[in-house]
Amino acid sequence: MTFGTEEILIGLLVTLIAGLVHGAFGLGFPMIATPILALITDVKTAILLTLAPNIAVNIWSLIRGGDWFSSVARFWPVAMWMLVGSALGTLVLVAMDPNPFRLLLAATVLLYLMSDRIKRIDWSWIGRHPRPSGAGAGLLGGLLGGTVNVGGPVMMIYFLELRLAPVVLVQAINLCFLLGKGTQAITFAFLGMLGVDLLLISLPLGIAALIGLRGGMWIRERVAADTYRGWLKGLLWVLCVLLVVQFFRELG
């Protein structure tokens, strides 16, 4: 596919905004950038275009805030499970229609958000059994990230239930994203789907994403921890609605 000046300018604006959201919440870049860019390209091309910016955003988010080595040492097993899930999800994306996974993800997020009202659902088992629940979250998050480029909500649910400090939460979730996206990039390259043109276009998109990311971080650093967790749950509601809308749009 060829990209004109208008498409490139739209891409720069979209990645700038997506970077801003990611900086403020610690996640959200692919969830914002992919569906919008898919409107002017297609889902696979949108995922390919956002790979390099996504990885750059993940690296900066991981190392920002200090003591990121401790976060890596604590949560690398979850990230490794996300690596496996991402490889499987990328193969699924190439082989079949990934759209049904959007509805699965929306249902999972909705179940979590409604758990306070549905008294029978107890999510405290995540905190009591962080290793097996982390393996499941990483595998499912990677699978969804590889298929529909939106694995963040699953990881957010897991890390929210661990009651982490905002800085640690952001570092942990971006560590998982980094391995997931890196694996996705390697898988696409192995399948011969990473062209030079796409990589060249993704470079300025990456710069725009990092500029937006810095602005979002400035906002996050001025918000209290409890307020921040409330914002994350609000973001989950928005993403749930967007996933359902995208599912029915793809059916049409």
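Rules used in this analysis
Residues numbered from 1 in each chain as written. Predicted model: local features only at pLDDT ≥ 70, side-chain atom pairs only at ≥ 80, totals over all residues. Heavy atoms only, no water. Bend = angle between axes of the 7 residues up to and from the residue. Helix = DSSP H or I, 4+ residues; strand = E, 2+ residues; numbered from the N terminus. Contact = heavy atoms within 4.5 Å. Salt bridge = Lys/Arg side-chain N within 4 Å of Asp/Glu carboxyl O. Buried < 20%, exposed > 50% of the residue type's maximum accessible area, 1.4 Å probe, protein only. Phe/Tyr/Trp six-rings, centres within 6.5 Å; stacked < 30°, edge-to-face > 60°. Polar contact = N/O pair within 3.5 Å; in protein donor to acceptor, adjacent residues only side chain to side chain.

Right, let's get into helix 4 (residues 68-95). At Phe 75, helix 4 is deflected by roughly 60°, the largest bend along its length, and proline Pro 77 occurs up to four residues later in sequence. Taken together, the buried residues of helix 4 touch helix 3 (43-63), helix 5 (99-113), helix 7 (130-148), helix 8 (152-161) and helix 9 (166-190).

Moving on, we get to the pattern of salt bridges. Counted under the stated rule, the structure contains 2 salt bridges. When the shortest N-O distance is used, the salt bridge between Arg 64 and Glu 221 registers 2.9 Å. With Arg 64 in the loop between helix 3 and helix 4 and Glu 221 in the loop between helix 10 (196-220) and helix 11 (225-251), the pair connects residues that are 157 residues apart, well separated along the chain. Judged by its relative accessible area of 44%, Glu 221 falls in the partly exposed class.

Glancing now at the packing of aromatic side chains. On inspection of all chains with the given rule, the structure shows 5 aromatic pairs. Taking the centre distance of 4.2 Å and the plane angle of 25° together, the rings of Trp 68 and Phe 69 count as stacked. Judged by its relative accessible area of 26%, Trp 68 falls in the partly exposed class. Residue Phe 69 is classed as exposed on the basis of its relative accessible area, which comes to 59%.

This part takes up the environment of Thr 108. Mapped onto the elements of the fold, Thr 108 is located in helix 5. Residues Thr 108 and Pro 153, spaced 45 residues apart in sequence, show a C-alpha to C-alpha distance of 8.8 Å.

Right, let's talk about the side chain of Asn 174 for a bit. Among the secondary structure elements, Asn 174 is positioned in helix 9. Side chain to side chain, Asn 174 and His 22 meet in a polar contact 2.8 Å long. Side-chain polar atoms of Asn 174 contact the side chain of Asn 58, separated by 3.0 Å. In this structure, Asn 174 is in contact with His 22, Gly 26, Val 57, Asn 58, Ser 61 and Leu 62, ignoring residues within four places of it in sequence.

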